[in-house]
Amino acid sequence: MSTPDRKLAAAKREAAAPLLEVHGLKKHFPVRKGLLSRVVGHVKAVDGVDFTVGHGETLSLVGESGCGKTTAGRSLLRLIEPTAGEALYRATPDSAPVDLFGLGGRRLRSLRRDLQIIFQDPYASLNPRVTVGNAIAEPLRVHGIGNRGELEDRVASLLTRVGLRPDVANRFPHEFSGGQRQRVGIARALALEPRLIVCDEAVSALDVSIQAQIINLLKDLQDEFGLSYIFIAHDLSVVKYISDRVAVMYLGRIVETGGADQIFDAPQHPYTRALLSAIPHADPRRRAERVPLTGEIPSPISPPSGCHFHTRCPLAEDRCRQAWPEPASVAPGHRVSCHPVADALAKSAPGS
Amino acid sequence: MEKSPKSDARTPLLELRDLRTWFRTDEGTAKAVDGVSYRIHDGETLGVVGESGSGKSVTALSVMRLVPSPPGWVESGEILFRGESLLAVPDEEFRRIRGNEIAMIFQEPMTALNPVYTVGDQIMEAVMLHRGIDADAARVHAVEMLRKVGIPSPEARVDNYPHEMSGGMRQRVMIAMAMSCDPSLLIADEPTTALDVTIQAQILDLIRELQEEMGMSVLLITHDLGVVAETAHKVAVMYAGKVVEYADVETLFGRPRHPYTIGLFRSLPDLAGPGERLVTIPGIVPSANAFPSGCRFRTRCPIATDRCAQEEPPLVPLEAGSEHTVACHHLEEAEAL
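What counts, and at which threshold
- Residues numbered from 1 in each chain as written.
- Chains lettered and ligands numbered in written order.
- Predicted model: local features only at pLDDT ≥ 70, side-chain atom pairs only at ≥ 80, totals over all residues.
- Helix = DSSP H or I, 4+ residues; strand = E, 2+ residues; numbered from the N terminus.
- Rg over C-alpha atoms; globule rule 2.2 N^0.38 Å.
- Buried ≥ 20, exposed ≤ 12 C-beta atoms within 10 Å, placed from the backbone.
- Pairing = 2+ DSSP bridges.
- Right-handed = clockwise from strand over helix to strand, strands pointing away.
- Contact = placed C-beta atoms within 7 Å.
- Axes fitted to C-alpha atoms, helices over the stretch in contact; angles between N-to-C directions.
- Core = buried A, V, L, I, M, F, W, Y, C linked by C-beta atoms within 7 Å.

Now for the overall build of chain B. Within chain B one finds 13 helices and 12 strands. Against the 2.2 N^0.38 benchmark of 20 Å for 337 residues, chain B shows a C-alpha radius of gyration of 21 Å, consistent with a compact globule. Taken along its principal axes, the extent of the C-alpha atoms in chain B is 65 × 50 × 45 Å. Buried residues in chain B amount to 50% of all 337 residues.

Shown next as structure tokens:
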């Protein structure tokens, strides 16, 4: 798609009701200690995040280890039970929203067809004793779709669609390279014709030339089937390329969210700026001046008060230690949670 | 350029000549490293890039004499350190070189550090062995090294066990250990691959600072072209057990000549515009048990001809006297890629 086409598609998406609206998502893991395994605290892996994903849109959750991006992604599929929040899901823009977190039993199982996940290491997520054909057919069998012959045809067409020969269905995972295994993982995720796929570091373990093949495949599938992706990644150059919108997380909270070009061209939050400036560019003439970020990420068991980033922030003031900054609008669709940045925005706004 | 190596004319600090390191496997002989030549001069950083299975790590392990044997062995070739053959040095004597003259850091410091000893003990062990100083002096030295690599309150941290530290801290400890004997050559094998991007930036800055301060050479092995662009003076691109292109960093990134190098740059998402398709290198890296005849890249190369299947292209200077070397029969056609 050319840039104007993308802009048009983005504008249409904004007008329509989104596929997924997440409000106040929290996941706290209890920390137990001692003989009686008493709960002595909580790891606040995800501590109240809001985001939306449009139909056919790619939202990336980015941040460093421990920021909660993986926990947030897995909570949506209920692979991890969320502690609080709601996730309103609309299969189509016109359908009534369903709260994914309020569902149980059969309704959850049937909705799971719409939501799939691809993992970083397909080798760890594929059973070594099951042929890839059976691995791909398994979700279809679980949902009682198709007889034997139909299943074989469906597996063959899925394998072809992800760029593998249909006759590899009888092979075992160890006979494939990393990139081919990731194609198998994608074929399995596609089997139930989902609407949303969570890509959890899906291309992180792949070599550069193979990574490009898989990214192209994911984009083609999105165009063909109108898929939405939640892309969880730490490689920001991949994120910049693949995303429509980006949410930057730090210690369980979203600090900035916006369109991919807004985040990458005009980052506002001091953490986003530091994160972007740390990316090494494949251009020796561009040895960029880094925004130095000292120290390490604090423990999520006892995150800093107020704004979680204040212990490492060059702009930190007293109020940053006291209160979490509510998100302020930078531009349509672009919001940032930072006291000093919000003030600067208010001052430069027209009419004030 | 602000970082220029001290000299090119003298004997290289490290020189590999047609090195071959092979492994016996159930499927036959895997020629993981199969004719690698490169040089590192004093004070210089050589970045070796390549994808999994290109042989970049096995080359470094061969230098350190850390290739597991069996199944691996150095089949042929030369490893020269300050002009002298390392392969001829008996094991006993080599121990005085490894860790002292040449030190190595790895991708995952948790597996390289011993979990049952404090980090101080592990740094002290190396300096006591190589420098013959007593435990008290070694401890002072260990604290000093931890301070140098930016560990806060090193007097307390020296008594920590590896598991009490974060990934970034552990990599700093590994670097402190490697630097404790003031080596001439530091081999860094994917030193930042397991780290978050802000911590990666800190560690790369640290390696650069230490290099300037202590004047050592660095052999940096990575798959990340961004890391190479920011850190290296010279770059060797490896594919299927061989070096296919070598040049200084600005030349290589500015005007790559080998079809593989060109393809590698094209497949980087940072260089593609929004909505543009990524250019990919078709197919996968061939297995070390069955490299193609002739040029090993020919099975994935858009401009391969019959000649590429028959004759292996030698790694030769682009023009007489040029430092930029390329192994390709069809440089003119590659220009048009």
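Take the pairing of strand β7 (residues 196-200) of chain A next. All names here are of chain A. Extensive coverage of β7 is indicated by the burial of five of its five residues. Residues Leu196, Val198 and Asp200 of β7 are buried on one face, and the alternating residues Ile197 and Cys199, pointing to the opposite face, are buried as well. The pairing of strand β6 (residues 115-118) with β7 spans four bridges and is parallel. Note on β7: the bridge partner recorded for Gln116 is Ile197. Two elements, β7 and strand β8 (residues 228-233), share five bridges in a ladder whose sense is parallel. Bridge pairing links Val198 to Ile230 in β8. Read as a crossover between parallel neighbours, the route from β7 over helix α8 (residues 208-225) to β8 is right-handed.

This next bit is on the environment of Arg183 of chain A. Residues and elements named next belong to chain A. Tracing the sequence through the fold places Arg183 in helix α7 (residues 178-190). According to the C-beta neighbour criterion, Arg183 is buried, with 25 such atoms within 10 Å. Distance from Arg183 to Val330, taken between C-alpha atoms, is 39 Å for residues 147 residues apart in sequence. Sequence-distant contacts of Arg183, defined by excluding residues within four places in its chain, comprise Val162, Gly163 and Leu164.

Attention now moves to the interface of chain A and chain B. If you look at the interface, chain A gives 34 residues, while chain B gives 33 residues. Looking at the side of chain A that touches chain B, the elements with two or more residues in it are α1 (3-15), α8, α9 (236-242) and α11 (270-277) of chain A. Take the side of chain A that touches chain B: its biggest share by element is seven residues, from α8 of chain A.

Another point: the sheet that holds strand β2 (residues 38-53) of chain A. Residues and elements named next belong to chain A. Pairing is antiparallel in the open sheet, where four strands are placed in the order β2-β1-β4-β5. Two strands in the sheet have a free side with no partner beyond their single neighbour: β2 and β5 (98-99). Of the strand pairs in this sheet, strand β1 (residues 20-33) and strand β4 (residues 84-89) are connected by five bridges, and their pairing is antiparallel. Pairing of His23 across the sheet is with Glu86, part of β4. Against the sheet, helix α2 (residues 69-76) contacts β1, β2 and β4, and its axis sits at roughly 75° relative to β2.

What follows deals with the nonpolar core. The biggest cluster of nonpolar side chains holds 188 residues, and the ones touching the most others in it are Val248 of chain A together with Leu219 and Val235 of chain B. Among the elements that take part in this core, helix α7 (residues 167-179) of chain B stands out by supplying eight residues, more than any other. Non-local contacts of Val248 of chain A, meaning those with residues more than four positions away in its chain, are made with Val62, Gly63, Ile254, Val255, Glu256, Ile263, His269, Tyr271, Thr272 and Leu275 of chain A.

Glancing now at helix α5 (residues 132-142) of chain A. All names here are of chain A. For α5, the full list of buried residues reads Val132, Gly133, Ala135, Ile136 and Ala137. Where α5 is buried, its residues meet α6 (148-161) and α7. Within two residues after α5, Gly144 carries a phi angle of roughly 60°, on the positive side.

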